[in-house]
There are 2 protein chains.
Amino acid sequence: MREVSVIGVGMIPFGKYREKTLAEIAWPAVKQAIIDAGVKKTDINAAYCGTALGGMMSGQRVLKQLGITGLPIVNVENACSSSSSAFREAWIGVGAGVYDVALVIGVEKLTKFGGGTLPLEKEDFEVAHGLVMPALYGMRAQRYMHDYGLTPEQLAKVAVKSRKHGALNPDAQFRNAVTVEEVMKARPIAEPFTLLHCCPSGDGAAAAVVCASEIAGRFSGKPVRVLASEVNSGRYMTGYRDMTTPEITVRGAHEAYELAGVGPEDVDVFEVHDAFTIAELLYYEALGLCGRGEAARLLEDGTTSLGGKKPVNPSGGLLSKGHPVGATGVAQMVEVVRQLRGECGPRQVEGARVGLTHCTGGGISGFDHGACSIHIFAN
Amino acid sequence: MREVSVIGVGMIPFGKYREKTLAEIAWPAVKQAIIDAGVKKTDINAAYCGTALGGMMSGQRVLKQLGITGLPIVNVENACSSSSSAFREAWIGVGAGVYDVALVIGVEKLTKFGGGTLPLEKEDFEVAHGLVMPALYGMRAQRYMHDYGLTPEQLAKVAVKSRKHGALNPDAQFRNAVTVEEVMKARPIAEPFTLLHCCPSGDGAAAAVVCASEIAGRFSGKPVRVLASEVNSGRYMTGYRDMTTPEITVRGAHEAYELAGVGPEDVDVFEVHDAFTIAELLYYEALGLCGRGEAARLLEDGTTSLGGKKPVNPSGGLLSKGHPVGATGVAQMVEVVRQLRGECGPRQVEGARVGLTHCTGGGISGFDHGACSIHIFAN
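Cut-offs applied
- Position numbers for residues count from 1 along each chain, tracking the sequence in the order it is written.
- Chain letters start at A and ligand numbers start at 1, both assigned in the order the entries are written.
- Local features are withheld for residues below a pLDDT of 70 in this predicted model, meaning they are given only at 70 or higher, and side-chain atom pairs are given and counted only at 80 or more; totals for whole chains, interfaces and linings count all residues.
- Side-chain figures throughout are based on the complete set of non-hydrogen atoms in the structure, without hydrogens or water.
- Only DSSP runs of H or I reaching four residues or more are called helices, and only runs of E reaching two or more are called strands; each is numbered from the N terminus.
- To get the radius of gyration, use the C-alpha atoms; to get the globule rule, take the number of residues to the power 0.38 and multiply by 2.2 Å.
- With a 1.4 Å probe rolled over the protein chains alone, any residue whose accessible area is under 20% of its type maximum counts as buried; one over 50% counts as exposed, and the rest are partly exposed.
- Contacts are assigned to residue pairs with any non-hydrogen atoms lying within 4.5 Å of each other.
- Computed with a 1.4 Å probe, the accessible areas rest on the Shrake-Rupley method; for each residue, only the protein chains presented here act as cover.
- Charge counting treats Lys and Arg as positive and Asp and Glu as negative, with His and both chain ends excluded.
- Here the site of a charge means NZ on Lys, CZ on Arg, CG on Asp, or CD on Glu.
- In this comparison the copies share one frame, found by least squares on the C-alpha atoms of residues holding pLDDT of at least 70 in both.
- Should a side-chain nitrogen of Lys or Arg be within 4 Å of a carboxyl oxygen of Asp or Glu, the pair is scored as a salt bridge.
- By convention, a stacked pair of Phe, Tyr or Trp rings (six-membered ring in the case of Trp) has centres within 6.5 Å and planes under 30 degrees apart, an edge-to-face pair has planes over 60 apart, and any other such pair is tilted.
- Strands are treated as partners if at least two bridges between them are detected by DSSP.
- Two parts placed together each lose some accessible area; with a 1.4 Å probe, that loss summed over both constitutes the buried area.
- Polar contacts, as used here, are pairs of N or O atoms within 3.5 Å; protein pairs need one atom able to donate a hydrogen and one able to accept it. Residues neighboring in sequence count only if both atoms are side-chain atoms.
- Axis angles are defined between N-to-C directions and span 0 to 180 degrees, where every axis is a line fitted to C-alpha atoms and, for a helix, only to the segment in contact.
- For classification, angles of less than 35 degrees are called roughly parallel, those exceeding 145 degrees roughly antiparallel, those between 65 and 115 degrees roughly perpendicular, and all remaining angles oblique.
- Polar here means any residue other than Ala, Val, Leu, Ile, Met, Phe, Trp, Tyr, Cys and Pro, which are nonpolar, and Asp, Glu, Lys and Arg, which are charged; Gly is therefore polar.
- Throughout, the edges of the domains are those of an automatic or database domain assignment.
- Crossing handedness is defined as follows: a turn of the near helix away from the far one that is anticlockwise and smaller than a right angle gives a left-handed crossing, while the clockwise case is right-handed.

Asks: How should I be thinking about the overall build of chain A in this particular structure?
Replies: For chain A, the helix and strand inventory stands at twelve helices and eleven strands. Whereas a compact globule of 379 residues would reach a radius of gyration of roughly 21 Å, chain A reaches 19 Å, a difference of no more than 12%. Taken along its principal axes, the extent of the C-alpha atoms in chain A is 55 × 40 × 40 Å. Taking all 379 residues of chain A together, the buried fraction comes to 67%. For chain A, restricting intrachain contacts to residue pairs at least 6 apart in sequence, the fraction spanning at least 24 positions comes to 78%. Put simply, chain A shows about 12,400 Å² of open surface, and 54% of that area lies on carbon and sulfur atoms. Where the 37 positive side-chain charges of chain A centre and where its 40 negative ones centre are 6 Å apart.

Asks: Help me understand the relation of the copies chain A and chain B, please; the structure alone is not making it clear to me.
Replies: In summary, the two copies of the chain are related to each other by a rotation about an axis coupled with a shift along it. Structural alignment of chain A on chain B gives an RMSD of 0.0 Å, achieved by rotating through 180 degrees and translating 0.0 Å along the axis. Interpreted geometrically, this transformation is the action of a two-fold axis. When the interface residues of chain A are mapped onto chain B, 100% of them again lie at the interface, so the same face is used by both copies.

Asks: I would appreciate a short explanation of the pattern of salt bridges in the present structure.
Replies: Two side chains bearing opposite charge may form a pair once their charged atoms approach each other closely. Residues and elements named next belong to chain A. Per the counting criterion, the structure on display carries 40 salt bridges over all chains. Here arginine 251 and glutamate 247 are joined by a salt bridge, their closest N and O atoms 2.7 Å apart. With a gap of four residues between them, arginine 251 and glutamate 247 both fall in helix H8 (residues 247–260), about one helical turn apart. Connected through salt bridges with shared partners, the residues Asp36, Lys222, Arg341 and Glu343 form a single ionic network.

Asks: What is the right way to read the packing of aromatic side chains from this model?
Replies: All names here are of chain A. A complete count under the given rule lists eight aromatic pairs over all chains for this structure. With 5.1 Å between their ring centres and 25 degrees between their planes, tyrosine 137 and phenylalanine 276 make a pair best called stacked. Placement of tyrosine 137 in helix H5 (residues 133–148) and of phenylalanine 276 in the loop between strand S9 (269–271) and helix H9 (277–286) is noted, with a sequence separation of 139 residues between them. The class for tyrosine 137 is buried, based on a relative accessible area of 2%. Under the relative-accessibility criterion, phenylalanine 276 is labelled buried at 7%.

Asks: Can you help me understand the pairing of strand S11 (residues 371–378) of chain B in this one?
Replies: Residues in a regular strand project their side chains so that they alternate between the two faces of the sheet. Residues and elements named next belong to chain B. Across the eight residues of S11, eight count as buried, placing the element largely inside the fold. Burial of S11 is two-sided: the residues Ala371, Ser373, His375 and Phe377 facing one way and the residues Cys372, Ile374, Ile376 and Ala378 facing the other way are all buried. Across seven bridges, the pairing between strand S8 (residues 224–232) and S11 is antiparallel. Bridge assignment links alanine 228 to a residue of S11, and that residue is isoleucine 376. Inspection of the sheet shows strand S10 (residues 354–361) paired to S11 by eight bridges, in the antiparallel sense.

Asks: Help me understand the side chain of Thr277(B), please; the structure alone is not making it clear to me.
Replies: Turning to its location among the elements, Thr277(B) is positioned in helix H9 (residues 277–286). Aside from chain neighbours lying at most four places away, what touches Thr277(B) is Leu155(B), Val158(B), Ala159(B), Phe193(B), His197(B) and Leu319(B).

Asks: Teacher, can you tell me more about the interface of chain A and chain B here?
Replies: Interface extent is often summarised as the accessible area lost during association of the parts. Contacts between the two partners involve 52 residues from chain A, matched on the other side by 52 residues from chain B. Of the roughly 4,200 Å² buried at the junction of chain A and chain B (both faces included), carbon and sulfur atoms supply 57%. For chain A, the biggest contributors to the area lost against chain B are Met56(A), Met57(A) and Glu123(A); these three give 16% of the whole. Across the contact surface, chain A and chain B share zero salt bridges. Along the contact surface separating chain A from chain B lie 26 residue pairs in polar contact (both at pLDDT 80 or more). Listed by contribution, the elements that provide at least two residues to the side of chain A that touches chain B are helix H1 (22–37), helix H2 (58–64), strand S3 (73–77), helix H3 (82–95) and strand S8 (224–232) of chain A. The element that contributes the greatest number of residues to the side of chain A that touches chain B is S3(A), accounting for five residues. Both S3(A) and strand S3 (residues 73–77) of chain B contribute to a ladder of three bridges, which runs antiparallel. In the strand pairing of S3(B), Glu77(A) is matched with Asn75(B).

Asks: Which parts of the structure should I look at to understand the packing of H3(A) against helix H12 (residues 325–340) of chain A?
Replies: For any two helices packed against each other, the geometry is given by the interaxial angle and the distance between the axes. All names here are of chain A. Taken N-terminus to C-terminus, the directions of H3 and H12 make an angle of 60 degrees; their axes are 5 Å apart at the nearest point. Overall, the two elements H3 and H12 adopt an arrangement that is oblique. Packed against H3, whose contacting residues are Ser82, Ser83, Ser84 and Phe87, the element H12 presents Gly326, Ala327, Thr328, Gly329, Val330 and Met333 at the interface. Here the residues of the contact of H3 with H12 sort into four nonpolar, six polar and no charged.

Asks: How do you make sense of the domain arrangement of chain A when you look at a structure like this?
Replies: All names here are of chain A. Under the domain assignment, chain A is made up of domain 1 (4–114 + 202–224) and domain 2 (125–197 + 229–378). Taken together, the contact between domain 1 and domain 2 spans 41 residues of the former and 38 residues of the latter. Counting the surface domain 1 buries against domain 2, the share from its top three residues, Phe14, Cys80 and Val224, is 26%. Put simply, arginine 341 and aspartate 36 hold a salt bridge, and the shortest N to O gap is 2.8 Å. Where domain 1 meets domain 2, there are eleven residue pairs in polar contact (both at pLDDT 80 or more). Looking at the side of domain 1 that touches domain 2, the elements with two or more residues in it are strand S1 (4–11), H1, H3, strand S4 (101–109) and strand S7 (203–212). The leading source of residues in the side of domain 1 that touches domain 2 is H3, at seven residues. Taken together, the residues that form the side of domain 1 that touches domain 2 break down as 20 nonpolar, 15 polar and six charged.

Asks: Got a minute to help me understand the packing of H5(A) against H9(A) in this structure?
Replies: Residue and element names in this part refer to chain A. Remark: H5 packs on H9, axes separated minimally by 9 Å, with the N-to-C direction vectors making an angle of 60 degrees. Comparing the axis directions of H5 and H9 gives the class oblique. In terms of crossing hand, the pair formed by H5 and H9 is left-handed. Residue-level contacts link Tyr137, Arg140, Ala141 and Tyr144 of H5 to Ile278, Ala279, Leu282, Tyr283 and Glu285 of H9. Residues belonging to the contact of H5 with H9 are distributed by class as follows: seven nonpolar, no polar and two charged.

Structure follows, in structure tokens:
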């Protein structure tokens, strides 16, 4: 396997684009990534499009708009990890030498489904019984509060931190800060969550151009190396499980760190899958930023805020950016690549050299997840 | 890239399984492939699940039933080429050495949508204007009849041949032969097609286990080598196009033959994407079995029938087997692998050594297709 680099990234501001088609949502992000990479359309050997609910031929519909045709286009679905799984396929294809340059797209149009409810699979036992995501993470939060003494105020501070970061990100759906009081007094969703504990729904797109590191010099884009690309599925164990341990993330992180030859102590910036406030805290622990029960301390002492030693979600995370399911994975990569290139302006993590993205989802079988992806990048 | 072999295949008889879940449709095919390969569940390093309309986390839902968990599972959508595109991703992953053994699944439950109408994307210009598949292929048939003097009787004979083959295949949805008269007198669908010119809708699943050829000896499955794996997308050209030339198949065939180091003259058995009778004839020409306008001759003189020199669709093709979209690509491979292993009983192509599968679909932008996949295998 050859080393692979990201040489171009692009995304559109996440939001509600009811009047646009899926292709219209995506193509500006793709165009931005291509220009950023400095590749010609004909340099692109293959394209992977991650989307959870975009419908048949999503990638083909997007790329037709740009005249990028006649190449292998493969659509990848892995729930929240759709475009990060698509990225891994591109990483394998380029690493193997089957392709020199590949394009990765993440796109979703959730406004297509009207309100906030997505077409979940009723064949999934848990979904059929109402264990949808806010309920699932609400239970996890309750358990964590019980086990480790996390307070409602501390939990609200995750949203406060994310929204503070998001206010600095022109691509975030929510670009205003909120207070602990505002978070706690918002509309209740699933105890202990109010609306501001939950990431907003919406539409969005993100894209990345990858190539073999050995040929990155042919193009004008600033290369950021891929140290690890990892996708995992849950174990679906029966019997007792600790619902505050996201096993799939713990296992994936171990594999990714080993592959990259770095540890959590080496990572300067993290983008993690904070679909709900509690999730971010659970992932501090699962990714090795701290021990069990210590997440609140990292939040309270500013370690994971911009300016701290281990900034998490400088983009504002899903809580600020929104979570157009298939677009999220590559959007996290866009942020980390821009951080490693020092292009993030007021939200820049100074001197960031190594970054990690973490995306997990597909709530099949309750506390195990269907797909978790972890990527590590370095400049 | 290492050479890759198929060491196990499985499928269920295609049909209508309204009472079963997607996972219940798929797992028996997967189990059959695993037993056929002689691999243990823990030998499998990754799984790819091709499905066009199975919904989120299809692969995860299937594999959970078999306790195959904790590995990378990636769902692939490419319309009719969904599972053949999934196969290509497995081929790349194993070829690259990222995995030693990978599982490929194709599955679809079309009865979920009630009748014959699938949830097509209205954002597609042609779909929005009613250019659905029977209409599109009907026009192609009209044009071919006009240009080359193909008669309605000859066109009907494609269905007669396919159903004759299908009668020998226990996995086919239709297992009875039909006459030219029956085909021509069936219910009209889109001139010149009657119902029997069109493949039936339905549910189905197929699976394959692939591994690096260099380690195939570790397992008991009989290896069949993958000589070429190719996926392409259409060019979406504006202006005049010859609607009887499936450009994407012509281009893909050239690439696949070059990669495999064989030509059409070397291929002993073909499984092609005969969603409609005319399609099979167009693909004789596109795959290089004959020149332009000569397809009817190959059909009439028995060249492409069982017992002829170049049998096409010994399985009965989509016209007999049915076309559960995401399952079709791997189901074609199941047939070709079994043919190359000499296991097809009354429909065996004697001495078959090289086989080709061709799957194309995603009718975006009319006569160009969104995804075409061609695979060449040898024993």
